[in-house]
Structure formats: structure tokens, C-alpha cells
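Fold and geometry: a report
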Amino acid sequence: MAQNTSIQYLKGIGPKRAKSFALRGINTIEELLYYFPRRYEDRTNFSNISELKEGDFYTIKTEVLSGGQRNSWRRRAFSITEAALADKTGKINCVWFNQPYLKEYLETGASLILYGKVEMYNGRMQMNNPEFEFIDCEDDDSLNIGRIVPIYTLPQGFSQRSMRQLIKNAIDEFLPKIKDYLPFDLRSRNNLLNLAQSLLNIHFPQELTLQKQALMRLSFEEFFIFQLPLVLRKLRRKEKKGIRHAIDGKLIDDFISGLPFKLTSAQQKVLEEIKTDMASGQAMQRLLQGDVGSGKTVVATLACLIAIQSGYQAAFMVPTEILARQHYTKITAQLAGLVFSGCKIRVGLLTGQDKEKEKIYQEVKEGEINLVIGTHALLQEELRFKALSFTVIDEQHKFGVGQRALLPKKGNNPDVLILTATPIPRTLAITLYGDLDISVINQLPAGRIPVKTLHFSQQGREKGFTIAKEELNYGRQAYIIYPVIEESYALDIAGAKKMFVELREGEFKGFRLGLIHGKLKAKEQQEIMLKFRNKELDLLVSTTILEVGIDIPNATCMIVAYAERFGLSQLHQLRGRIGRGNLQSFCILISDAQTEESRARLQAMVSSSDGFRISEEDLKIRGPGEFFGNRQHGLAELKLANSLTQMQLLKAARQEAIKLLSQDARLEERPHQLLKEKLLQRFPEYEKLMLVG
Ligand code: ADP
Ligand code: MG
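Residues numbered from 1 in each chain as written. Chains lettered and ligands numbered in written order. Predicted model: local features only at pLDDT ≥ 70, side-chain atom pairs only at ≥ 80, totals over all residues. Heavy atoms only, no water.

**Side note on the pairing of strand β19 (residues 477–481)**
The condition is simple: A simple rule labels every residue: compare its accessible area, found with a 1.4 Å probe on the protein chains alone, to the largest value its type can have, and call it buried under 20%, exposed over 50%, or partly exposed in between. Helix and strand labels come from DSSP, where a helix needs a run of H or I of at least four residues and a strand needs a run of E of at least two; each type is numbered from the N terminus. The criterion for strand pairing is that DSSP finds at least two bridges linking the strands in question.
Taking burial as the measure, the 5 residues of β19 include 5 buried ones, the bulk of the element. Side chains of β19 alternate between two faces, with Gln 477, Tyr 479 and Ile 481 and Ala 478 and Ile 480 buried alike. Bridge count for β19 against strand β21 (residues 539–542) is 4 bridges, and the pairing is parallel. Across the sheet, the residue bridging to Ala 478 is Leu 539, located in β21.

**Overview of the domain arrangement of the chain**
What counts is decided by this rule: For the domain bounds, the source is a domain assignment made automatically or taken from a database. Any two residues having at least one pair of non-hydrogen atoms within 4.5 Å are treated as being in contact. Buried surface area refers to the total accessible area, computed with a probe of radius 1.4 Å, that the two partners give up upon joining, counted for both partners together. Should a side-chain nitrogen of Lys or Arg be within 4 Å of a carboxyl oxygen of Asp or Glu, the pair is scored as a salt bridge. Two N or O atoms count as a polar contact when they lie within 3.5 Å, although within protein this holds only if one can serve as hydrogen donor and the other as acceptor, and sequence-adjacent residues are included solely when both atoms are side-chain atoms.
Domain assignment breaks the chain into domain 1 (40–151), domain 2 (250–280 + 295–420) and domain 3 (452–608). Facing the 12 residues of domain 2 at the interface are 13 residues of domain 3. Together, the buried faces of domain 2 and domain 3 total about 1000 Å²; carbon and sulfur atoms form 58% of this surface. Linking domain 2 to domain 3 there are 1 salt bridge. Across the pair Lys 330 and Asp 551 runs a salt bridge whose closest N-O atoms are separated by 3.1 Å. Taken together, domain 2 and domain 3 are joined by 3 residue pairs in polar contact (both at pLDDT 80 or more).

**Quick word on the pattern of salt bridges**
In the structure shown here, the tally under the stated rule is 33 salt bridges. The shortest N-O distance in the salt bridge between Arg 39 and Glu 131 comes to 2.8 Å. Of this pair, Arg 39 sits in strand β1 (residues 39–42) while Glu 131 sits in strand β7 (residues 131–134), and the two are 92 residues apart along the sequence. By relative accessible area, Arg 39 is classed as buried at 14%. Taken together, the shared-partner salt bridges connect Arg 38, Arg 39, Glu 41, Arg 43, Glu 131, Glu 133, Arg 161 and Arg 164 into one network.

**Looking at the side chain of Asp 551**
Following the sequence through the fold, Asp 551 ends up in the loop between β21 and β22 (555–560). When its relative accessible area of 16% is taken as the criterion, Asp 551 is described as buried. When residues no more than four places from it in sequence are discounted, the contact partners of Asp 551 are Gln 326, Lys 330, Arg 533 and Arg 580.

**Details of empty space enclosed by the protein**
For clarity, the cut-off: Cavities and pockets were defined on a 1 Å grid built over protein atoms only: a cavity is a set of grid points that admits a 1.4 Å probe from which the probe cannot escape, a pocket is an open set flanked by protein on both sides within 12 Å along at least five of seven lines, and lining residues are those with an atom within 4 Å of any such point. Grid points are joined across faces, edges and corners, and a volume is the space filled by probe spheres set on the points. When residue character is reported, Ala, Val, Leu, Ile, Met, Phe, Trp, Tyr, Cys and Pro are called nonpolar, Asp, Glu, Lys and Arg charged, and the others, Gly included, polar.
The full count for this structure, using the stated rule, is 2 cavities of 30 Å³ or more. Estimates place the volume of the second largest cavity at around 40 Å³. Around the second largest cavity, the lining residues are Ala 421, Thr 422, Pro 423, Ser 569, His 572, Gln 573, Gly 611, Ile 614 and Ser 615. At the level of secondary structure, the elements contributing two or more residues to the lining of the second largest cavity comprise α17 (568–575) and α19 (611–628). Among the residues making up the lining of the second largest cavity, the classes are represented as 3 nonpolar, 6 polar and no charged.

See below:
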């Protein structure tokens, strides 16, 4: 097709307009055809003004009775343009803020299409800031009236009319030449419209049912193209030889019977899934989702022991030094009494700061250390294993995709377990992690009491402090979290320090307070954490470095200052630091939330403590693109498809991807040629993937 034809080829596109398109990522005809409307207006039937109801959105066709402009009495620079409009059935007022140029157009008698929400003002119907479009040549205006009309997000310098005309020209000229790269049999199996029909009807639908079909086909296509590389990666992996582990053995039995608790049935189920993978001759790549506090660490530790009892080594990577140290201490203690073929199990700790790292390198290389726990420091080239067969990546969202892939390279196709405490709905997990197998721990250990979450304003914060003090008086401990945002790091740390001093001299006088933040040396951080763990401190003022993993069950209270500055999932992670024992815990959010979004976040926190619910809520508030940040940019490429609502379609697309690649992984057969081209255009790295194996 016109894949690479520049849009400058189109009539009416000069360098200037091409530039404003380029700003929206549109350079070619194909990209223009894939620039979809933001919404539609049914202009076959307009609503009558007499039938409008307050609070609803309408499209109406009106004539200008009078128009004018005045400056706001409040602020000079603020202009208000008003118009009285009417159709045959009634009148309505419209108001636009700060669009003074509008006045020129609001000539009495001009025809105008309006779209907006009807509100009541001084007892009369009014639309505020409605979208509008003038109709000047009604006779021959088949693109803009008397049909379902697309509404676009406009590049600079375009009107809806000029945009429609341009896309119509592109369609007329290029659609006849377009070839569908989805194979015919795939389309007919899934009742998908062909590409030309779909593009035509997504822009200029003849009727709404056709628009729906077009949407379905184009969403399917997005899912499908997105799944292909994931599925291929998964198939390729299954072809690689993995390590067959000895899954049944005395070591893990001894470990389990030494635990002070019984594994939950969810933990047991997941352990079985992991065992099956580890026993098989294919390399494992498994994502383990589980809410904060659901007990993922112990499952991962068991998997490490399977590697060890099979005569291999394991590596456990975590994002922070504090967490590395915590895991190291806990796991060392848990393994203390265990013996494997006459020897004790040796655990090593490797972080950026270690003076002993040369020694650790040596011992790992010689196989004397069975399990090494550490931060990114594990990725250093100097660390070489004698026989690495299993790796864990904890809190995976804190690592980049590239980093996650590095650790396993230190072994010969070791099994990989990836842990995440931000559980996401299954379909979304498939969309993003379709190359992994997925396990879920959907249950908390018995006896956990849900954390009580309360929200106080700045003014009412004393009430929150009172709750905290009560907890401290019972001999329990508390955290106060202060937001630190990257850009203003130094400033925020200063804020945290100031608050620490104020609290120590004021509200919490008489208690033992500590302060911890990312600017402290690792050694100082350790000392403070150790003191807190040993109950030599009652209250720890901290930045978000405590966000992940920290496990101190005696801490039963957390105060979050300026809670509006945290994201929802982050708040949930923070809250996961308390409620880890059998005591009632309290999370106190202090915030004068201003925006609707921040209020929604705090409300979600107060009303739910379930991580799955929270992340769904977060996804709703922020949308998947924001939710995952830049790291998972792939999701942003889904322009139409929605993993949350189009579950069936996603599943169908994935099934088709598996079917296709199982039979023609390199897309060499003739009917797959176009698809291959398209795929390589979107994912150039796919070429390499296709060639291996
Ligand atoms: P996360 O899944 O957030 O990483 P952890 O693995 O840190 O959670 O576990 C949280 C706490 O629960 C730890 O103190 C751990 O020892 C404890 N724990 C784990 N499994 C169980 C269980 N089955 N019963 C009781 N406590 C458990
Ligand atoms: Mg954890």
C-alpha cells in the first residue's frame, strides 16, 4: 500500500501542514488512515431543543439569533462570548470562555452545529464551551451533514471540515489499492471485516453497526500484531533446552516443616506450578502475581532450594539494598538448620557497597555459595556462576525490561521466576506479558486483619497522630512517609528532615524517632533499619525507599504526609508495609486533596485493601498508558483495542497468533508475506527473533 508514501503527496498538504501532522506522529498516508476519530456525531437526526434534558450531551443544529462578548468582571483578561441560538422548537444560550475570535462568526442567521452538555443557568438552558461547527454550504456538504460524522483531535491549523476532507481524499485515492495483510482464512474464522471496508467505516461509517465491525477488526489487528512477537518469544523459549530439576527432595521438605506457619493453599498451588516447570526440560519463564504480604518470598525461596537440591546455584535479585539485606537476614535464618549432602547451605549477599565482593565473586564462581541475594550488583560482569539454574527477580516493576533479561544470561537457560506486587487483571497481564506463563497468589495468610485506612485533612491531622501515639504506647511501631519527587529531590529531603525535627520536638516528644532517606549512605540506612527492626526506635520518618518489600510485623501504623502526591498503586505498596502480623493496623492518609483525581485515589484507598481491586481502580483513573509509565510503551500503541473491555477479542487474537506461528514461525508462506512486512515495520527486532532456532 501507500505505507511509506508521504502525506505531502496529498492535495492541500504543504510543508506547514505536514509539520503539524508530524507533531502528531503522522508522516505517511498509512499513518493518516490510522489516525482514528475521537468520537462520532450522528447528524442524520439532530435533537430538538425542546427535548433537551439537563445533564445530558446533545448534538443540535441551530441558527444564531444574536451573539456578543463581554469581559469578566472578575478578571480582565478573561473574555466570555455569548450567543442566543434557536431551532424550530426552542431557544438555548451558549457561552464560550476565552475564545474572543468567535464573536466574528456569530452573525445573526448563521447556521451552527453544537455538541455539548446541557446545564441550567438562571433558570434557562445553556451549553458551556460546546464544540461547534459552522455549516455554510449546506447543499453539497455530504461529508459534514446528513450522516454519521467523525470528530478528530485536530492537528494545529486544521478544522474538523478540512480534516474530514483530507482523510476522505486519502481514502478515495488509496483504499482501492490497499491489500489486507490479515490472511483471508483468519478473517473469515473470526468474522472480521476486510481492511479497506474497516478503514472506510472507522472514518465515515455508513451506519453504526458497520462502525462497530470496523472497530472490532482494527482492534483485533492491534492485539494480533502485538501478540505475535510475545507468542513467538514464548514458542522459541519452549524449543530451548532447560534444566531438569529434582523437585522432590528432603531439602524442601525440611524447609517447609521448619516454617513457623503452614503455606496457604494459594502458595501451595503456585509451588506446584513452579515445580512442574522446573522438572520439565523446558526453561521456565513465570510471572508470579500476588498482593503485598501474600507471601511470595517464601515461594521463591522454595524454588531456590529446588535448584540447590538439584546440585545447582540460585540468584535472587531485588531493587533496593534495604530489601536485599532483609531477605538475606531472613533467608539465612530460615536455612540455618538445613543440610544438603552433608553441607550447610551457603547464602551470599551482594550489593553495590560491599567491601567483600571479591570474595563473593570467588565463592560463587567456585560453587561454594549456593544462593546469592543482591541488588543490580548481581548484573556486574565480574559475577560468574559455577552452575546457575534458577533466578528470581523480585518487585519486577522496579527493573527495566532489559535488566530483567540480563541475570538469566549468567546461566545456561536457567529457570526464571518474576515477582510482582502490583497485580493486574489477567487480560492485561496477557497483553503485556504474553511471553510469560502466569501464576497468581490470590489469598493472604490466615489471621491477617485488613488495615484500617483513614483520611484526614492537614488541619485534622492531630487526630491521626493520636491514633499513632496510641499504637506506640502499646509497644508497637509506626512509619511516617514523606513524599520525595525526583525533580525536587534536595528540597523534599529538606522537607522530610524539617518534619522529622518538628515531630520529634513536638507531637512525638518522648518517643524514639529515626529518619531514613535515599541520600543517606547505605551503611547509615542499614543501621537505622536495624535499630527499627530491633525496636530501638518507635517511629521511622521515611521517604518512599520503604515502598517495596520491607517486612516488620510489629509496625502497625503508617502516616502518609501529602498523600495526594502519591499514585494509587504506590500508596497501596506503602500500606503493604503494615498489617503484616496478626494485629489491627492503621493507615492514616493526610491530605488536602484538590483535584478530583487525587480525591478518587484516596477514596479508593479508604474503601479497599485488595490489590487487584486497587490496580483496577488505578487503571480506570489513569488509563493503562499512564499506569505502566514509559517502560511498557507497547501498551500505548494500542490505540483502539482495550484489554480491559475486549477480553474475548484479545483471547481470539492470541489464539490466532499461536496457531499461525506454530505452523509458520518465520511467516514464509505466501499468504503471510504482507503480514510479515507489516510486522517488521512495527517491530524491526522481530527479524532477529524469527531467525533464531
Ligand atoms: P510479599 O508477597 O509482599 O513479598 P512476604 O513474602 O514478604 O510478602 O510475606 C509477608 C509476611 O508473611 C512475611 O513475614 C512472611 O514470613 C509471612 N508469611 C508468608 N507466608 C505465610 C503463611 N502461609 N502464613 C503466615 N505467614 C506467612
Ligand atoms: Mg516481597
